[in-house]
Structure formats: C-alpha cells, structure tokens
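Residue-level structure breakdown
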Amino acid sequence: MKKVWMDTAIITSDDLSYAVEVIKRGGLVAVPTDTVYGLAGNGLDEQAVARIYEVKGRPAVKPIILLVSGVEAASELCSEFPDAARVLAEAFWPGSLSLVLPKSKLVPAIVTAGGDTIGVRCPNHAKTLRLINLAGVPLAAPSANPTDLPSPTSARDVLEYFDGKIECIIDGGPCSVGVESTIADMTVQPPRILRHGAIPEAELLAALAKSSVDI
C-alpha cells in the first residue's frame, strides 16, 4: 500500500505564493521546465535536498543539478565561471543546457554527492523562473520521477508518481522539449558532453567556434 504523507496541491494559476512558502520552509514542489518536470527543493537547504533523495529513491552518489535564474545567479554557486561557459550560457539559456563547473562554498556537499563540481541550468519556463526569483534561492531539481522510471512531461505524470508524498505541483502544461537537458562538463578543455540531450553537441561546438574564447 502506498504511504501517504500529505495532501498534494495542484497549482494551475499564476499565483505561486504557496509554492514559494513551501520552498522557503524546506518542502518539495514539482516544477515544469522545458525539458521534463523537476522535483524541486531549496538547493541551499541540506534537509530539503535529503528529502529529494528520499522521495525519489535516488542513490546518494548521484549529484543534483541546480536550477537558477541566469548567469549571475549561477556564477555565485561556482568558484569559477570561465569564458567558454559564459558563451554557452548566453547562447542557450534559458534552455536545455546544464553546465558543470567547480562549486563554490555556498553549495552543500549533499547536492554534489561530495564532489567538487556543480551542475547549473537556467530552465526555459516562465513559472519556474518566477518561482526561483520569488523564493530567492536556487532549486535542487532532478527529474520528478522515482529512480529508474520514465521522466514526467506533465503535471499528471508527476501526480501519479508522488501524490501524497510532496507538498505541491505547479501545472505548467506539457513540457515543450520532453527530454533531459544536455550536460556539458566545463571543467575540462575542450568541454566534454556528459549526457547527450535536447541540444546537439554540434550546436554547442558551433557557438564556441563563433566566439573568440580559447577552448
């Protein structure tokens, strides 16, 4: 029998005040993005991130990407933000590209699974960007599915997975892309693709080639 912890609210309006409250008190909110729905919590709150791991059944050795509002917010979470990363962020954010960079001391170790790098992404969805800005924190947000099950592309999908286990779901409609983000490791030269996703590697290389940065 499924263990029910709470009533899961579905937010269909543009009023995100309840979702902001949930994030600020350490709760979990499923959020829409351009790629797939994410299971989000305050990325600077160790207990909130621990709940994400618990609810998803995510192995503790797997780090979690942080969703941010843009380059400036991302740079605060990284000890270095090289020119090549800035070129790609300016070309593809908001969008389906995650960048792996050296983490700053602001990022709790649980987010990076004890590693020295952090993945950051600015999602292309108005409601989730508003939530990030209103809450004032980056969102730790892996896909909103139990580990090893398909990633959700609608609020209904998330509800089937986590009804009664998370505080709320922001219904932002079906995801426009529907597949996970491309992950580029910017800590090596040239940058290396860690996960092939929505943005083809060729487009990333073309953006870097057009710039004057040394990769």
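Residues numbered from 1 in each chain as written. Predicted model: local features only at pLDDT ≥ 70, side-chain atom pairs only at ≥ 80, totals over all residues. Heavy atoms only, no water.

Let us look at the overall build of the protein. When helices and strands are tallied, the protein shows seven helices and ten strands. Expected size for 215 residues packed as a compact globule is a radius of gyration near 17 Å; at 16 Å, the protein falls within 12% of this value. Out of the 215 residues in the protein, the part that is buried amounts to 53%. Within the protein, counting contacts between residues at least 6 apart in sequence, those at least 24 apart form 68% of the total. Of the charged side chains in the protein, 19 are positive and 25 negative, and the gap between their average positions amounts to 4 Å. (Helix = DSSP H or I, 4+ residues; strand = E, 2+ residues; numbered from the N terminus. Rg over C-alpha atoms; globule rule 2.2 N^0.38 Å. Buried < 20%, exposed > 50% of the residue type's maximum accessible area, 1.4 Å probe, protein only. Contact = heavy atoms within 4.5 Å. Lys, Arg positive; Asp, Glu negative; His and termini not counted. Charge placed at Lys NZ, Arg CZ, Asp CG, Glu CD.)

Looking now at the pattern of salt bridges. Opposite charge on two side chains permits them to pair, given that their charged atoms come into close proximity. Within the structure shown, the criterion is met by four salt bridges. The residue Asp 34 makes a salt bridge to Arg 121 at a minimum N-O spacing of 3.0 Å. One end of the pair, Asp 34, is in the loop between β2 (29-31) and β3 (38-42); the other, Arg 121, is in strand β6 (residues 117-121), and 87 residues separate them in sequence. Each member of the pair, Asp 34 together with Arg 121, is buried. Residue Arg 51 is joined to Glu 167 by a salt bridge in which the shortest nitrogen-to-oxygen separation is 3.0 Å. Taken together, the residues Arg 51 in helix α2 (residues 46-56) and Glu 167 in the loop between α6 (155-162) and β8 (168-170) connect sequence positions 116 residues apart. Taking relative accessible area as the criterion, Glu 167 reaches 7% and is therefore assigned buried. (Salt bridge = Lys/Arg side-chain N within 4 Å of Asp/Glu carboxyl O.)

Take the packing of helix α4 (residues 83-92) against helix α7 (residues 201-210) next. With their axes 10 Å apart at the nearest point, α4 and α7 run at an angle of 115° to one another. You can see that α4 and α7 cross each other, and the crossing is right-handed. Residue-level contacts link Ala 84, Val 87, Leu 88, Ala 91 and Phe 92 of α4 to Glu 203, Leu 204, Ala 207 and Leu 208 of α7. Its residues assigned to classes, the contact of α4 with α7 shows eight nonpolar, no polar and one charged. (Axes fitted to C-alpha atoms, helices over the stretch in contact; angles between N-to-C directions. Left-handed = near helix turned anticlockwise from the far one by under 90°. Nonpolar A, V, L, I, M, F, W, Y, C, P; charged D, E, K, R; others polar.)

Our focus in this paragraph is the nonpolar core. Leu 88, Trp 93, Leu 97, Leu 99, Val 120 and Ile 166 are the most contacted members of the largest nonpolar core, which totals 49 residues. Contributing elements (two or more residues each) for this core: α2, α3 (71-76), α4, β5 (97-102), β6, α6 and α7. The contact partners of Leu 97, leaving out residues within four places of it in the chain, are Leu 88, Phe 92, Val 120, Arg 121, Ser 181, Thr 182, Ala 184, Ile 199 and Leu 204. (Core = buried A, V, L, I, M, F, W, Y, C linked by side-chain atoms within 4.5 Å.)

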